[in-house]
Amino acid sequence: MSNAHSSHAEGDFGASVKSYLAGFVLSVILTGIPFWSVMTHSFDHDTTLWIVVAAAIVQIVVHLKYFLHLDFSKEGRINTFSFLFTALIIVMVVGLSVWIIYAANELMM
């Protein structure tokens, strides 16, 4: 039985494992840094908050690249644009919904 839905060729298995391991190691590091920052209280509150936010943003990029394999290569361009369009629509729907709720709340006061 042929696996028509496979995204990797048979000879690409080593590269795939290497990519997943690199993503895993980076994810562990990007989880450990904010955890250490929060648990040791080495920085003031604002600096710790920025460390956590920065590590979260970098970790999102790592997950998109190493686990979802989103990139701008010829093969991955369609998936990347589909993901970006979906993210834009979700951000717009959530953002505009919050804006409408706050505006309605202001009008009720």
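Scroll up a little and you will see the structure.
Everything numeric here is computed off the predicted structure, so don't read it as measured data.

Caption draft 1: Local environment of the environment of Phe81. When you line up the elements, Phe81 lands in helix α3 (residues 77-108). For Phe81, a relative accessible area of 45% corresponds to the partly exposed category. With 11 residues separating them in the primary sequence, Phe81 and Leu70 have C-alpha atoms 9.0 Å apart.

Caption draft 2: Structural context of the side chain of Gln59. Examined against the element boundaries, Gln59 turns out to sit in helix α2 (residues 45-67). Judged by relative accessible area, Gln59 falls into the buried class, the value being 18%. For Gln59, the side chain forms a polar contact with the side chain of Thr31, separated by 3.0 Å.

Caption draft 3: Region of the structure containing a nonpolar patch on the surface. Among the surface-exposed residues, Phe85, Leu88, Ile89, Ile90, Met92, Val93, Val94, Leu96, Val98, Trp99, Ile100 and Tyr102 lie close enough to one another that they form a single nonpolar patch of about 1,200 Å² accessible area. Residue placement: Leu96 occurs in helix α3.

The rules behind each value
- Residues numbered from 1 in each chain as written.
- Predicted model: local features only at pLDDT ≥ 70, side-chain atom pairs only at ≥ 80, totals over all residues.
- Heavy atoms only, no water.
- Helix = DSSP H or I, 4+ residues; strand = E, 2+ residues; numbered from the N terminus.
- Buried < 20%, exposed > 50% of the residue type's maximum accessible area, 1.4 Å probe, protein only.
- Polar contact = N/O pair within 3.5 Å; in protein donor to acceptor, adjacent residues only side chain to side chain.
- Patch = residues over 30% accessible without salt bridge, like charges linked within 9 Å, V, L, I, M, F, W, Y side chains within 5 Å.
- Areas by Shrake-Rupley, 256 points an atom, 1.4 Å probe, with all protein chains shown as cover.
- Salt bridge = Lys/Arg side-chain N within 4 Å of Asp/Glu carboxyl O.

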